[in-house]
Amino acid sequence: MCGVMWRLLCRCLTHGYFLHFLLLFLLILQCAHGSGFFELQVLEMANPRAELSTGQCCGGAARNPVTGRCTSPCNTFFRLCLKEYQSNVSSTGSCSFGNTSSSVMGQSSFTLADPERGKLVLPFTFRWT
């Protein structure tokens with residue numbers, strides 16, 4: 001359908017029918033749509049104190065009194081949340097443009113040997129802002 005519209009559009013331009021060109025151009029605009037993928041690739045994670053984002057130890061473990069580090073490691077996964085622009089970034093609220101999560105990628109600190117394992121892909125079907 002869109003290919004036929006493009007041929008008609010070109011014919012209108014070569015024969016001097018500007019109004020027809022304008023109308024056909026408006027019809028072609030409806031043929032276009034946006035889509036794509038937002039990709040985030042995690043290569044490395046460092047959490048030497050083995051803490052949650054709240055500052056507490058993973059799994060409710062106790063801290064080592066000498067080092068101050070948590071005694072049990074965290075199971076680390078990532079959550080990707082796309083939302084509208086925020087001047088003060090917040091981890092709460094809705095993910096207006098979608099979200100996805102990874103499986104557990106490692107413990108508190110790790111480097112991925114296979115970079116593809118750390119890829120989070122979020123498809124979208126709207127015009128990117």
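Residues numbered from 1 in each chain as written. Predicted model: local features only at pLDDT ≥ 70, side-chain atom pairs only at ≥ 80, totals over all residues. Heavy atoms only, no water.

A. Here's a closer look at the state of the cysteines. The final tally for this structure, using the stated rule, is 3 disulfides. Each sulfur in the disulfide pair C57 and C70 lies 2.1 Å from the other. Residues C57 and C70 are joined through a disulfide that is left-handed, its torsion about the S-S bond being -80°. Of the two residues, C57 is situated in the loop between β2 (44–45) and β3 (79–82) and C70 in the loop between β2 and β3; the sequence distance between them amounts to 13 residues. According to the relative accessible area criterion, C57 is buried, its value standing at 8%. Note on C70: relative accessible area 10%, which makes it buried. Disulfide partner of C58: C74, at an S-S distance of 1.7 Å. Taking the sign of the torsion about the S-S bond as the criterion, the disulfide between C58 and C74, at about 80°, is right-handed. Placement of C58 in the loop between β2 and β3 and of C74 in the loop between β2 and β3 is noted, with a sequence separation of 16 residues between them. Taken in N- to C-terminal order, the disulfide-linked cysteines of the protein are connected 1-3, 2-4, 5-6. (Disulfide = S-S within 2.5 Å. Helix = DSSP H or I, 4+ residues; strand = E, 2+ residues; numbered from the N terminus. Buried < 20%, exposed > 50% of the residue type's maximum accessible area, 1.4 Å probe, protein only.)

B. Just unusual backbone geometry, in detail. For A50, which is not glycine, the phi torsion reads 55° and is therefore positive. By secondary structure assignment, the location of A50 is in the loop between β2 and β3. Under the relative-accessibility criterion, A50 is labelled buried at 5%.

C. Broad picture of the layout of surface pockets. Computed from the structure, the largest pocket encloses a volume of approximately 470 Å³. Contributing to the lining of the largest pocket are N47, E51, L52, S53, C58, C74, N75, T76, F77, F78, R79 and S91. (1 Å grid on protein atoms, 1.4 Å probe; cavity = no way out; pocket = protein on both sides within 12 Å on 5 of 7 lines; lining within 4 Å. Points joined across faces, edges and corners; volume = space filled by probe spheres on them.)

D. Examining the nonpolar core more closely. V42, F78, L80, L82, M105, F110, L112, L120 and L122 together form the largest nonpolar core, which totals 9 residues. Listed by contribution, the elements that provide at least two residues to this core are β3 and β6 (119–124). The residues contacting L120, other than those within four sequence positions of it, are F38, E39, L40, V42, F78, L80, T100, S101, S102 and M105. One finds A50, C57, C58 and C74 within the second-largest nonpolar core, a separate group that totals 5 residues. (Core = buried A, V, L, I, M, F, W, Y, C linked by side-chain atoms within 4.5 Å. Contact = heavy atoms within 4.5 Å.)

These results come straight from atomic positions and should not be treated as a statement about function.
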